[in-house]
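A look at the structure
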Amino acid sequence: MNSRIFGASVQGPGHIRRGVPNQDSFLIRRCRRGIILAVSDGVGSRELSHLGSRAACQAAAEAGEKFLAGQGRDPDPRCLEEMIHALWCLNLSPEDPDRCCATLLFALVTRKCVVLGRQGDGMICARIRGEDLLITEDKEDSFSNVTWCLRKKFTPDQMAMTAIPLSDPGDLDHLLLATDGVADDVPDSKKASFAASFAMEYSQLPAKKRTRSIRKMLKEWPVPHHSDDKTVLCLAGTCHQVKEKNHD
């Protein structure tokens, strides 16, 4: 089975009107032991959050590559949280990290396991061995404008993380990461079917047409008064070699 990895990010109408850059970023990186996917959303109240989101994706890729390189020693995925934070601060130097706060979603995919991490809002949807897995922020008991994110001070255990073993690469049907500009407009009961439909529809298209089609869909997002940046990143099928791409 051949996998396809694809995504797109579009500037939200509200940011276009105010002349604010797209604060979302995403990255795909292939390394010797697997594939790393990362999506980040800069916190709107921070003036350099577009830099923070790009640095977050880079940090996740660098930390993920180090983690995968040590897989033979069975490293604990929890080490990724502090490693990502340290690399994020380093990637932002000399900027003040508190001017660059950003959320982060990431996935490490190998032939033997999938590691998923989320710090802040947005959603991760995966179908593994026919079962749908949803990782998203529970906002029922919190203010909608308050979320965990990468900031200067490191606070442990703010990153939700899970590791899922694979008995066969074909166990992973698809994996989707999306920022809150998409996630907040899809009800939890519909998120799994949204991810499955997205993976099925766009994986069938040629690469150039696929990216244009995803961008068109995000720009024509069918939710009235939507204003936020929107980013979706998807892996459909089994682990596959790809070149690194970084977008913001």
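Let us look at the structure shown here.

What counts, and at which threshold
Residues numbered from 1 in each chain as written. Predicted model: local features only at pLDDT ≥ 70, side-chain atom pairs only at ≥ 80, totals over all residues. Heavy atoms only, no water. Helix = DSSP H or I, 4+ residues; strand = E, 2+ residues; numbered from the N terminus. Buried < 20%, exposed > 50% of the residue type's maximum accessible area, 1.4 Å probe, protein only. Contact = heavy atoms within 4.5 Å. Areas by Shrake-Rupley, 256 points an atom, 1.4 Å probe, with all protein chains shown as cover. Salt bridge = Lys/Arg side-chain N within 4 Å of Asp/Glu carboxyl O. Pairing = 2+ DSSP bridges. Axes fitted to C-alpha atoms, helices over the stretch in contact; angles between N-to-C directions. Parallel < 35°, antiparallel > 145°, perpendicular 65-115°, else oblique. Left-handed = near helix turned anticlockwise from the far one by under 90°. Nonpolar A, V, L, I, M, F, W, Y, C, P; charged D, E, K, R; others polar. Polar contact = N/O pair within 3.5 Å; in protein donor to acceptor, adjacent residues only side chain to side chain.

Let us now look at the overall build of the chain. Within the chain one finds six helices and 11 strands. In the chain, which comprises 248 residues, the proportion classed as buried is 52%. In the chain, 75% of the contacts between residues at least 6 apart in sequence involve partners at least 24 apart. By element, 49% of the accessible surface of the chain is carried by carbon and sulfur atoms, the whole surface being about 12000 Å².

Turning our eyes to something else, we now look at the pattern of salt bridges. Within this structure, the stated rule accounts for 10 salt bridges. Two residues, arginine 29 and glutamate 65, come together in a salt bridge whose shortest N-O distance is 3.2 Å. Residue arginine 29 is found in strand 2 (residues 24-31), and its partner glutamate 65 is found in helix 2 (residues 49-69); the two are separated by 36 residues along the sequence. The residue arginine 78 makes a salt bridge to glutamate 81 at a minimum N-O spacing of 2.7 Å. Residue arginine 78 is classed as partly exposed on the basis of its relative accessible area, which comes to 32%. One network of salt bridges, with partners in common, ties together Glu47, Glu95 and Arg99.

With antiparallel pairing, five strands are arranged side by side in an open sheet as 1-10-9-6-7. Each edge of the open sheet carries a strand with a single partner, namely strand 1 (4-10) and strand 7 (131-136). Looking at each pair of strands side by side, their axes are set apart by 10° on average, direction ignored. Summarising the sheet, strand 1 and strand 10 (residues 230-236) pair through seven bridges and their orientation is antiparallel. Each residue of the ladder has a partner; that of glycine 7, found in strand 10, is leucine 233. Contacting strand 1 and strand 10, helix 6 (residues 207-219) runs over the sheet at an angle of about 40° to strand 1.

Below, the discussion takes up the packing of helix 2 against helix 3 (residues 79-92). The interhelical angle for the contact between helix 2 and helix 3, taken along N-to-C directions, is 135°, at an axis separation of 8 Å. When the axes of helix 2 and helix 3 are compared, the pair comes out oblique. In this structure, helix 2 meets helix 3 at a crossing whose hand is right-handed. Counted together, Leu51, Gly52, Ala55, Ala56, Gln58, Ala59, Ala60, Glu62, Ala63, Gly64, Lys66 and Phe67 of helix 2 and Cys79, Leu80, Met83, Ile84, Leu87, Trp88, Asn91 and Leu92 of helix 3 form the full contact between these two elements. Its residues placed into classes, the contact of helix 2 with helix 3 shows 14 nonpolar, four polar and two charged.

What follows is about the side chain of serine 53. Its place among the elements puts serine 53 in helix 2. A distance of 3.1 Å separates a polar side-chain atom of serine 53 from the backbone oxygen of histidine 50.

Bringing the environment of arginine 30 into the picture now. Mapping arginine 30 onto the fold places it in strand 2. C-alpha of arginine 30 to C-alpha of glutamate 65: the two residues are 35 residues apart in sequence and 8.7 Å apart in space.

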